[in-house]
Amino acid sequence: MATEVPPPREGTGAAPGPAQPTTEQFVEVQKSAEFGELRRAHRSFAFPLTLAFIAWYLLYVLLSNYAGGFMGTKVFGNINVALVLGLGQFLTTFLIAWLYARHAANRLDPRAEAIRTRMEGDA
């Protein structure tokens, strides 16, 4: 059973949270060049990598379905091309996640933080 916590009363010493921007301020920021650059920085990284990964994944699926002889080719021991490419799918996923985290920390987060700080200061 959840209990509702009442909001702190004025004069109780509770620290107020950051100022909340209005809807109009959000719309204004979305139209700004600064926000457009943030969105472009995200899209220019995320869209090409997403398309490349989907193409890589579909290639793996198509090879698995229609090129059984090739996928069954032994690379060494009992390791065949299908296993190597399948493990490559996992490695690619982790690589993309690492690259995106690095990209976000270096290029997206500072821009987003600047926008957030400005919005909270203006509100």
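Chemist: Could you give an account of the overall build of the protein chain, naming the residues involved and the relevant values?
Modeler: Scanning the protein chain from terminus to terminus reveals four helices and two strands. Beginning at the N terminus, the succession of helices and strands in the protein chain can be written as α-α-α-β-β-α. For the protein chain, the proportion of its 123 residues judged to be buried stands at 16%. Long-range contacts, defined here as pairs at least 24 residues apart, represent 64% of the contacts in the protein chain between residues at least 6 apart. By element, 64% of the accessible surface of the protein chain is carried by carbon and sulfur atoms, the whole surface being about 9,600 Å².

Chemist: So what's going on with the packing of helix 2 (residues 33-66) against helix 4 (residues 81-122)? Which residues, and what values?
Modeler: How two helices sit against one another is set out by the angle between their axes and by the gap between those axes. For the pair helix 2 and helix 4, the least separation of the axes is 10 Å and the interaxial angle reads 175°. As summarised for this structure, helix 2 and helix 4 are arranged roughly antiparallel, according to the angle between their axes. Residue classes in the contact of helix 2 with helix 4 are distributed as 19 nonpolar, seven polar and four charged.

Chemist: Quick rundown of the environment of Val-81? Include the residues and the values.
Modeler: Relative to the elements of secondary structure, Val-81 occurs in helix 4. Leaving out residues up to four positions away in the same chain, Val-81 has contacts with Phe-70, Met-71, Thr-73 and Val-75.

Parameters at a glance
The residue count restarts for each chain, going from 1 along the sequence in the order it is written. Reporting in this predicted model follows two pLDDT cut-offs: at least 70 for local features of residues, and 80 or more for side-chain atom pairs to be given and counted; totals over whole chains, interfaces and linings ignore these cut-offs and use all residues. Derived side-chain values reflect all non-hydrogen atoms in the structure, with water molecules and hydrogen atoms excluded from consideration. What counts as a helix is a DSSP run of H or I of at least four residues, what counts as a strand is a run of E of at least two, and both are numbered from the N terminus. For the exposure calls, accessible area comes from a 1.4 Å probe over protein chains only, and a residue counts as buried if that area is under 20% of its type's maximum, exposed if over 50%, partly exposed in between. Residues are treated as being in contact if the distance between any of their heavy atoms lies within 4.5 Å. The accessible surface values rely on the Shrake-Rupley method and a 1.4 Å probe; as for residues, cover is taken only from the protein chains in view. Fitted lines through C-alpha atoms serve as axes, helices being fitted only where they are in contact, and the angles separating the N-to-C directions of these axes extend from 0 to 180 degrees. Each angle is binned into one of four classes, with values under 35 degrees roughly parallel, values over 145 roughly antiparallel, values of 65 to 115 roughly perpendicular, and all other values oblique. In this classification, the charged set is Asp, Glu, Lys and Arg, the nonpolar set is Ala, Val, Leu, Ile, Met, Phe, Trp, Tyr, Cys and Pro, and all remaining amino acids, among them Gly, are polar.

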